[in-house]
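Structural overview
The primary structure of each chain is shown beneath.
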Amino acid sequence: MAEENTTKTALKIAGAVILPNLGGIINGHLTRKNLKNWYVNLNFPSFRPPNWVFAPVWTSLYAGMGYGSYLVWRDGGGFSGDAKLPLVAYATQLALNWAWTPIFFGKHNIKGALIDIVALTATAGACGVLFYRVNQTAGLLFLPYMAWLGFATALNYAMWKLNPEKPNQENVIVTK
């Protein structure tokens, strides 16, 4: 019986850790598709890390937040107990997180991605506080995520400033 419970617990933890990474994996394909034909032609700030840094950073951050979500779910009574609001905040910030890549890399909309990441950072911060109230470790797992989001927001902002939008040629009115 104890072995069965250990297996069930391990599967729940694995599911919680894998879930946020699924969005990262799917978005990774969209990112790679746009690296050579769009992204490389952008102007970058001096503090942009090399491209290879992003995948391991996001993988570890997703794993940490996923494990934190398991701790909150476990200690907060699942989806109907004290964990309900923190888990809603978690789902909201995760949706904003996953939306950033299609906005930035899919739509090539740097300003839209900036708006998304500002909302994401605020929502992730609220989620971290709510997690902390249920399980301190879960809340603390959001600290590296918040630090990275601060950096990523600064990077997104710098890229927006360095790559001004060009007027849409279809909307330009030519007068004689």
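Residues numbered from 1 in each chain as written. Predicted model: local features only at pLDDT ≥ 70, side-chain atom pairs only at ≥ 80, totals over all residues. Heavy atoms only, no water.

Going by an unreviewed UniProt entry, the protein carries the name Translocator protein isoform X2 and comes from Drosophila hydei. According to the UniProt record, the Subcellular location (unreviewed entry) comment for the protein reads "Membrane". Word for word, the UniProt comment on the protein under Sequence similarities (unreviewed entry) is "Belongs to the TspO/BZRP family." (UniProt positions renumbered as here; feature names shortened; annotations may be inferred.)

Re the overall build of the protein
Counting its secondary structure elements, the protein contains 6 helices and 0 strands. Reading the secondary structure of the protein in the N-to-C direction produces α-α-α-α-α-α. Its C-alpha atoms put the protein at 80 × 30 × 30 Å along the principal axes. For the protein, the proportion of its 176 residues judged to be buried stands at 38%. (Helix = DSSP H or I, 4+ residues; strand = E, 2+ residues; numbered from the N terminus. Buried < 20%, exposed > 50% of the residue type's maximum accessible area, 1.4 Å probe, protein only.)

Considerations on unusual backbone geometry
Unusually for a residue other than glycine, histidine 108 sits at a positive phi of about 55°. Note that histidine 108 resides in the loop between α3 (84–106) and α4 (110–134).

Some points on the layout of surface pockets
Using a probe with the size of a water molecule, rolled over the atoms, empty space left in the structure can be pinpointed. The volume enclosed by the largest pocket comes to roughly 780 Å³. As for the largest pocket, its lining consists of 29 residues, of which Thr31, Phe54, Ala55, Trp58 and Thr101 are closest to the centre. For the lining of the largest pocket, the secondary structure elements donating two or more residues are α1 (2–35), α2 (54–75), α3, α4 and α6 (142–162). In terms of residues, the lining of the largest pocket owes the most to one element, α1, which gives 9 residues. Per-class residue counts for the lining of the largest pocket are 17 nonpolar, 11 polar and 1 charged. (1 Å grid on protein atoms, 1.4 Å probe; cavity = no way out; pocket = protein on both sides within 12 Å on 5 of 7 lines; lining within 4 Å. Points joined across faces, edges and corners; volume = space filled by probe spheres on them. Nonpolar A, V, L, I, M, F, W, Y, C, P; charged D, E, K, R; others polar.)

Quick notes on the pattern of salt bridges
Pairing between side chains of opposite charge can happen when the charged atoms of each approach one another. All chains considered together, the criterion is met by 1 salt bridge. Here arginine 74 and aspartate 75 are joined by a salt bridge, their closest N and O atoms 2.6 Å apart. (Salt bridge = Lys/Arg side-chain N within 4 Å of Asp/Glu carboxyl O.)

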